[in-house]
Amino acid sequence: MEITKVVIPAAGLGTRFLPYTKTVPKEMLPVFGKPAIHYSVQEAVNSGIDNVLFITSRNKELISDYFDAAPELDAFLENKNKLHEIKDIKQLIKSTHFSYIRQSEPLGLGHAVLMAKPFIGKEYFAIALPDDIIMSKNPALNQLIRIARQEKATVIAVKEVPHDQVSAYGVIRIKKQITPNLFQVDSLVEKPSIKDAPSNLAIVGRYIMSHKIIASLEEMSSYATSELQLTDAIGHMLQQNEKVFAYKVEGTRYDVGTPRGWLKAVVDLGLQDPVYKQDILELVQQYNQSFYLKPREITL
Ligand code: G1P
């Protein structure tokens, strides 16, 4: 099973980050020096994928500019011996083919994935939601690819979340537990209330999909009211007797689609950086002391 393509839906409005997102796409929020979307693309490329399709919308041109050559900048940095500052993105651009399809109306994640139909063909493919950043030694998509090959089926990434948070996620009902981290899925619910949640295993934005999802999305689109949900189409595939597995991925996950999750990612990644770790720790210590001694007189 060769998995060489990833679909990255990046058409959302990013209203949680207004007014910043009035002009800058939320996918371009800086997460410790790199735009948030860089991390999902890097993860896909580190998992052996070399074909990336972004589903974008109006005002998202900065994404395609970022994943394109910048000869003037290269020449400038080369002159100053600073080309290493953009080496990661240059490497991504060199090794990867990028395409773009625009979604003209916000009709949901399922609709965004359906727009990828001409790109997918009859193969298994990956989906990575760029709001989810998963930091792990073995890239999360690579972990899923291994299971998809082993089971010859669709696999979705899950994580255990506190029960009071289930309503922010797609949640699975387990049919069978195969290993401590691998489950066969019975059914799924998108954003259930706490009392209706079939488990606390929440989908975390990484999928390896059979191309059959397209037929299910097409079928479900005739029933969808305002938004077409990917989770509902996966449920439809299950009803067609397709097997779907869920894998508890290893790694730290950040939800950079919310200000709180974004802040956590910035601080956590900063703490892992030898240059900034000390600065952050000192700053926090200063805050703590100022809070107890003289609230409001904090020197930065
Ligand atoms: C989407 C999916 C949901 C999943 C979540 C993970 O929801 O629909 O099933 O759990 O991503 O981040 P969204 O956060 O886009 O509303």
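A quick note: this is a predicted structure, and the numbers were derived from the prediction, not measured.

Calculation rules
Residues numbered from 1 in each chain as written. Predicted model: local features only at pLDDT ≥ 70, side-chain atom pairs only at ≥ 80, totals over all residues. Heavy atoms only, no water. Near = heavy atom within 4 Å. Polar contact = N/O pair within 3.5 Å; in protein donor to acceptor, adjacent residues only side chain to side chain. Areas by Shrake-Rupley, 256 points an atom, 1.4 Å probe, with all protein chains shown as cover. Axes fitted to C-alpha atoms, helices over the stretch in contact; angles between N-to-C directions. Helix = DSSP H or I, 4+ residues; strand = E, 2+ residues; numbered from the N terminus. Parallel < 35°, antiparallel > 145°, perpendicular 65-115°, else oblique. Left-handed = near helix turned anticlockwise from the far one by under 90°. Contact = heavy atoms within 4.5 Å. Nonpolar A, V, L, I, M, F, W, Y, C, P; charged D, E, K, R; others polar. Buried < 20%, exposed > 50% of the residue type's maximum accessible area, 1.4 Å probe, protein only. Arc of directions from axis to C-beta. Pairing = 2+ DSSP bridges. Core = buried A, V, L, I, M, F, W, Y, C linked by side-chain atoms within 4.5 Å. Phe/Tyr/Trp six-rings, centres within 6.5 Å; stacked < 30°, edge-to-face > 60°.

### A word on the site of the ligand
Near the ligand you find Leu-109, Leu-129, Asp-132, Tyr-169, Gly-170, Glu-190, Lys-191, Ile-203, Gly-205, Thr-231 and Arg-253, and these make up its full shell. At a separation of 2.9 Å, an oxygen atom of the ligand approaches a polar backbone atom of Gly-170. One of the side-chain N or O atoms of Glu-190 is found 2.7 Å from an oxygen atom in the ligand. Considered on its own, the ligand offers 380 Å² of accessible surface; in the complex 76% of this is hidden by protein.

### Brief notes about the packing of helix α1 (residues 36-46) against helix α4 (residues 87-95)
Close contact between α1 and α4 brings their axes to 11 Å; oriented N to C, the two are set at 55°. Classified by the angle their axes make, α1 and α4 are oblique. The two elements α1 and α4 cross, and the hand of that crossing is left-handed. Taken together, the residues of α4 that come into contact with α1 (itself represented by His-38, Val-41, Gln-42 and Val-45) are Asp-88, Ile-89, Leu-92 and Ser-95. Class assignment of the residues belonging to the contact of α1 with α4 gives a composition of four nonpolar, three polar and one charged.

### A look at unusual backbone geometry
The omega torsion across Leu-18 and Pro-19 is 5°, close enough to zero to call that bond cis. Along the polypeptide, Pro-19 turns up in the loop between β1 (5-9) and β2 (30-31). One non-glycine residue, Phe-32, lies in the positive phi region at around 50°.

### Considering helix α8 (residues 213-221)
Taken residue by residue, α8 has Ile-213, Ile-214, Ser-216, Leu-217 and Met-220 as its buried positions. One face of α8 carries all of its buried residues, which in axial projection span an arc of 160°. For α8, the secondary structure elements touched by its buried residues are α5 (109-114), α6 (117-120), β6 (125-128), β11 (201-209) and α9 (230-239).

### A closer look at the pairing of β1
Counted residue by residue, β1 has five buried out of five residues, so it is predominantly covered. What you see with β1 is no split at all: Lys-5, Val-7 and Pro-9 on one side and Val-6 and Ile-8 on the other are buried throughout. Relative to strand β4 (residues 51-56), β1 runs parallel, the two sharing five bridges. Within β4, the residue paired with Pro-9 across the bridge is Ile-55.

### Observations regarding the environment of Gly-48
Relative to the helices and strands, Gly-48 is located in the loop between α1 and β4. Overall, Gly-48 belongs to the exposed group, its relative accessible area being 52%. Separated by 94 residues in sequence, Gly-48 and Asn-142 have C-alpha atoms that sit 7.8 Å apart.

### Overview of the nonpolar core
By size, the foremost hydrophobic cluster in this structure holds 40 residues, and its most contacted members are Val-6, Val-41, Phe-54, Phe-67 and Ile-208. Here the element with the most residues in this core is helix α7 (residues 140-151); it accounts for six residues. In this view, Ile-208 contacts Ile-3, Tyr-124, Phe-125, Ala-126, Leu-141, Leu-144, Ile-145, Ala-148, Thr-154 and Val-155; residues no more than four positions away in its chain are not counted.

### Describing the packing of aromatic side chains
Under the definition given, this model contains seven aromatic pairs. A centroid spacing of 6.5 Å and a plane angle of 80° characterise the contact between Phe-17 and Trp-262, whose relative ring orientation is edge-to-face. Linking Phe-17 in the loop between β1 and β2 with Trp-262 in helix α10 (residues 259-271), this pair joins segments that are 245 residues apart in sequence. According to the relative accessible area criterion, Phe-17 is buried, its value standing at 9%.

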